[in-house]
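Next come the chains, spelled out residue by residue.
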Amino acid sequence: MRATSTRRFPLIHGAEEWSSSGPDSDVGVIVVHGFTTNPVSTRPLGEAIAAHGYAVEVPRLPGHGTHWRDLARTRYTHWRSKVEATFDDLAARCRAVVLVGHSLGGTISLDIAARRCRTGRAKPLAGVAVINAQVLDRTDPLARANVVLQHLIPAAPRQLAGLPPNDIARPGADERAYMMVPAKAGYSVQRELPRIRRSLPEITVPVLVAWSPQDHTVPPRNSRAIVKLVGTSDVGELRLDRCYHVAQLDHEADLLADRIVAFVARVTASESEASAGR
């Protein structure tokens, strides 16, 4: 499928891609947003990581951050290709790269990690941190019917599609996500989940799984499945009791950022640094 190269609608304020060069670091981090949202939801976390000197990229997935009609013209393969291209660009200037993804961004990050580990291209991938990522099939009636509905309706209201607006406990927080969900774009994720789930045992790099018990968008059982299915023995969990789905904008955003920074530091430590720390 050919990637959509141009957008038809203007960018939402704050939805621009963001990066920090990290001139004093040879470690890079990619922070990937979720489905229907944009860098508004990931830039604060990216900035918190960059404050520690790392090179950070906060990409905007195709079709996101403008209008849902732009998203309707894209599919899962477009979004994964965007993250792959960002990874390759960062890998060209860093000795180690860590993928960090929220929701769909976490799903894509796991997918890329499994593909690279399977093909022997894991380096320079040093680890993956996911936040409320989905890997299990959705069981709600609309999701089950979407195989047919995608050909009948172009989009559905967000809540009807099982995606509550601003699934954030902290008052006043706004991820600026679309209020309409394109049916075909959404189904393109659903049909990839079984494949991605089967590939999780191939992940051999360290993994950090952050999850919210009060997530109203992606059931917490998804995070438990990730912990169980990934092939690496180096897998950690961070439970965020005061957060909803968009944890990086919620009450425990600082705790989440600190744990991810610590994870990045640990999995990217050079051999000399690791020996000195023993």
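Scroll up for the structure.
Here is a short report on the structure shown in this document. (Residues numbered from 1 in each chain as written. Predicted model: local features only at pLDDT ≥ 70, side-chain atom pairs only at ≥ 80, totals over all residues. Heavy atoms only, no water.)

**What to know about the sheet that holds strand S5 (residues 125–131)**
- Across the sheet, which stays open at both edges, the 7 strands sit in the order S1-S3-S2-S4-S5-S8-S9 with mixed pairing between neighbours. Only two strands of the sheet have a single neighbouring strand rather than two, namely strand S1 (18–20) and strand S9 (235–239). Averaged over all neighbouring strand pairs, the angle between strand axes comes to 15°, with direction disregarded.
- Summarising the sheet, S5 and strand S8 (residues 207–211) pair through 4 bridges and their orientation is parallel. Bridging from a neighbouring strand, alanine 129 pairs with leucine 208 of S8. (Pairing = 2+ DSSP bridges. Helix = DSSP H or I, 4+ residues; strand = E, 2+ residues; numbered from the N terminus. Axes fitted to C-alpha atoms, helices over the stretch in contact; angles between N-to-C directions.)

**Observations concerning the pairing of S8**
- Here S8 lies mainly inside the structure; 5 of its 5 residues are buried.
- On S8, burial covers both faces: Val207, Val209 and Trp211 on one face and Leu208 and Ala210 on the other are all buried.
- In this structure, S8 lies alongside S9, joined through 5 bridges in parallel fashion. Bridging across to S9, alanine 210 finds its partner in leucine 238.
- Regarding topology, helix H8 (residues 221–229) serves as the crossover connection from S8 to the parallel S9, and that connection is right-handed. (Buried < 20%, exposed > 50% of the residue type's maximum accessible area, 1.4 Å probe, protein only. Right-handed = clockwise from strand over helix to strand, strands pointing away.)

**Quick look at the packing of aromatic side chains**
- Evaluation of the coordinates by the stated rule reveals 2 aromatic pairs.
- Their ring planes at 50° and their centres at 5.6 Å tell us that phenylalanine 35 and tryptophan 79 sit as a pair that is tilted. Residue phenylalanine 35 is located in the loop between strand S2 (27–32) and helix H1 (43–50), and its partner tryptophan 79 is located in helix H3 (residues 76–91); the two are separated by 44 residues in the primary sequence.
- Exposure remark for phenylalanine 35: the relative accessible area of 16% places this residue in the buried category. (Phe/Tyr/Trp six-rings, centres within 6.5 Å; stacked < 30°, edge-to-face > 60°.)

**Focus: the nonpolar core**
- Judged by nonpolar contacts, the single largest core of 47 residues is most densely connected at Trp79 and Ile203.
- With 7 residues, helix H4 (residues 104–118) is the largest single contributor of residues to this core.
- Beyond its immediate sequence surroundings of up to four residues, isoleucine 203 is in contact with Leu110, Ala113, Ala114, Cys117, Val230, Gly231 and Thr232.
- Trp18, Leu45, Ala247 and Ile260 belong to the second largest nonpolar core, which has 29 residues in total. (Core = buried A, V, L, I, M, F, W, Y, C linked by side-chain atoms within 4.5 Å. Contact = heavy atoms within 4.5 Å.)

**What about the pattern of salt bridges?**
- Under the criterion given, the structure shown has 17 salt bridges.
- Notably, a salt bridge pairs arginine 116 with aspartate 88, separated by 2.8 Å at the nearest N-O pair. Highlighted residues: arginine 116 in helix H4 and aspartate 88 in helix H3, separated in sequence by 28 residues.
- Overall, arginine 116 belongs to the buried group, its relative accessible area being 4%.
- One network of salt bridges, with partners in common, ties together Arg80, Asp111, Glu192 and Arg195. (Salt bridge = Lys/Arg side-chain N within 4 Å of Asp/Glu carboxyl O.)

**Re the pairing of S2**
- With respect to burial, S2 is a largely interior element, 6 of its 6 residues being buried.
- Across the two faces of S2 the burial is the same, with Val27, Val29 and Val31 and Gly28, Ile30 and Val32 all buried.
- As defined by bridge partners, S2 adjoins strand S4 (residues 96–102) across 6 bridges and the pair is classed as parallel. Its bridge partner being in S4, valine 29 is matched across the sheet by valine 98.
- Pairing of S2 with strand S3 (residues 55–58) involves 3 bridges; the strand directions are parallel. Across the sheet, the residue bridging to glycine 28 is alanine 55, located in S3.

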